[in-house]
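# Structure assessment
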Amino acid sequence: KNQQEKLKFTFDVSKSHRIIDEMLKNGYIKLLHPLPPIDELKRCAYCQWHNFASHATKDCYIFRWQVQSAISEG
């Protein structure tokens, strides 16, 4: 937890879903799973990166780290 707090992200993590959508649209990533219907996504915290309903994409440390690493590497 302390290590996560020390890492500063240079992008707006609240736009995580939009970032994933753009990455998919531009072919930078491919998800190997279908996304659940929109009405299901509205009912719970859902992580597009993990395809799991336990946390929101914007709260996903692994996703944020991956995006920040890509930004840092150019």
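Residues numbered from 1 in each chain as written. Predicted model: local features only at pLDDT ≥ 70, side-chain atom pairs only at ≥ 80, totals over all residues. Heavy atoms only, no water.

### Digging into the side chain of Arg64
- The topology assignment puts Arg64 in helix H4 (residues 61-73).
- Of the side chains bearing the opposite charge, Asp59 lies closest to the buried Arg64, which forms no salt bridge; the N-O distance is 5.5 Å.
- Setting aside its immediate chain neighbours within four residues, Arg64 contacts Phe9, Phe11, Val13, Lys58 and Asp59. (Helix = DSSP H or I, 4+ residues; strand = E, 2+ residues; numbered from the N terminus. Buried < 20%, exposed > 50% of the residue type's maximum accessible area, 1.4 Å probe, protein only. Lys, Arg positive; Asp, Glu negative; His and termini not counted. Salt bridge = Lys/Arg side-chain N within 4 Å of Asp/Glu carboxyl O. Contact = heavy atoms within 4.5 Å.)

### Observations concerning the state of the cysteines
- All told, the structure shown has zero disulfides when counted by the stated rule.
- Here Cys47 is not disulfide-linked; the sulfur of Cys60 is the nearest cysteine sulfur, at 3.8 Å.
- With relative accessibility at 0%, the residue Cys47 sits in the buried group. (Disulfide = S-S within 2.5 Å.)

### Here's the deal with helix H2 (residues 16-25)
- Within the sequence span of H2, burial applies to Ser16, Ile20 and Met23. In a view along the axis of H2, the buried residues occupy a sector of 60°, so they form one face of it. Turned more than 90 degrees away from the buried face of H2, the exposed residues are Arg18 and Lys25.
- Packing partners of the buried residues in H2 comprise H4.
- Trailing H2 by a residue or two, Gly27 shows a phi angle of about 80°, which is positive. (Arc of directions from axis to C-beta.)

In short, the description is geometric, and any link to function would need to be established separately.
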